[in-house]
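Each chain, written out:
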Amino acid sequence: QVNLVESGGGLVQAGGSLRLSCAASGRTFSRYAMGWFRQAPGNEREFVAGINWSGGRTYHADSVKGRFTISRDNAKYTLYLQMNSLKPEDTAVYYCAARMANDINVYKSPTDYDVWGQGTQVTVSS
């Protein structure tokens, strides 16, 4: 089982950009489908983007489509989330998650994943 550690969060003005990283331990990273989720205070955990094991298939939530891009580098055991044109409503704790799956599917529900990172805070000021 992998361990996941997010980084790259911080405070940014509206319209700015951040790139989140999720570093995975172990050499089995390429066996996992990955996802990014976020959770704002008082809200449920929300799907942001997902990617299959190879990176050949991705899916982005409508709320971030065209602004955020998920990607992965299996040689570096790292998942990324490039976030552009940030809005105050993007403010949340962002989590990466892993599910062992070597198929083409992208998984969108928090219950699909069984390994989670500790989260990184993203705050967008207006």
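Residues numbered from 1 in each chain as written. Predicted model: local features only at pLDDT ≥ 70, side-chain atom pairs only at ≥ 80, totals over all residues. Heavy atoms only, no water.

## Details of the environment of Tyr 95
The criterion, for reference: Strands are runs of DSSP state E lasting at least two residues, helices are runs of H or I lasting at least four, and both sets are numbered from the N terminus onward. Under the scheme applied here, a residue whose accessible area is under 20% of the maximum for its type counts as buried, over 50% as exposed, and between as partly exposed, the area being computed with a 1.4 Å probe on protein chains only. We call two residues in contact when some of their heavy atoms are within 4.5 Å.
By the element assignment, Tyr 95 lies in strand E9 (residues 92–100). Given the relative accessible area of 14%, Tyr 95 is considered buried. Each C-alpha atom, one on Tyr 95 and one on Asp 62, is 18 Å from the other, the two residues being 33 residues apart in sequence. Once residues within four sequence positions are removed from consideration, Tyr 95 is found in contact with Glu 6, Gly 35, Trp 36, Phe 37, Gln 39, Arg 45, Trp 116, Gly 117, Gln 118 and Gly 119.

## Concerning the state of the cysteines
For clarity, the cut-off: We call a pair of cysteine sulfur atoms a disulfide whenever their separation is within 2.5 Å.
Following the criterion strictly, the structure yields one disulfide and no others. Two residues share a disulfide in this structure: Cys 22 and Cys 96, whose sulfurs sit 2.1 Å from each other. With the S-S dihedral at roughly 60 degrees, the linkage between Cys 22 and Cys 96 falls on the right-handed side. Of this pair, Cys 22 sits in strand E3 (residues 18–24) while Cys 96 sits in strand E9, placing them 74 residues apart in sequence.

## Focus on the sheet that holds E3
Here is the rule: For two strands to be treated as a pair, DSSP must find at least two bridges joining them. Fitting a line to C-alpha atoms yields each axis, with helices limited to the stretch in contact; the angle taken between N-to-C directions then spans 0 to 180 degrees.
If you trace the four strands from one edge of the open sheet to the other, you get E1-E3-E8-E7, paired in antiparallel fashion. A single partner strand is all that each edge strand has here, and the edge strands are strand E1 (4–7) and strand E7 (68–73). Direction aside, neighbouring strands of the sheet carry axes that sit 15 degrees apart on average. Relative to strand E8 (residues 78–83), E3 is paired through six bridges, and the arrangement is antiparallel. Looking across to E8, one finds that Ala 23 is bridged to Thr 78.

## A look at the pattern of salt bridges
Keep this limit in mind: A side-chain nitrogen of Lys or Arg and a carboxyl oxygen of Asp or Glu constitute a salt bridge if their distance falls within 4 Å.
Enumeration over the complete set of coordinates arrives at four salt bridges. Among the ionic pairs, Glu 46 bridges to Arg 38, the shortest N-O distance being 2.9 Å. A relative accessible area of 6% means that Arg 38 is categorised as buried. The partner of Arg 38 in a salt bridge is Asp 90, with the nearest N and O atoms 2.9 Å apart. Pair noted here: Arg 38 is in strand E4 (residues 32–39) and Asp 90 is in the loop between E8 and E9, with a separation of 52 residues, a long-range link. Assessed through its relative accessible area of 1%, Asp 90 is described here as buried. Taken together, the shared-partner salt bridges in this structure form one network comprising Arg 38, Glu 46, Arg 67 and Asp 90.

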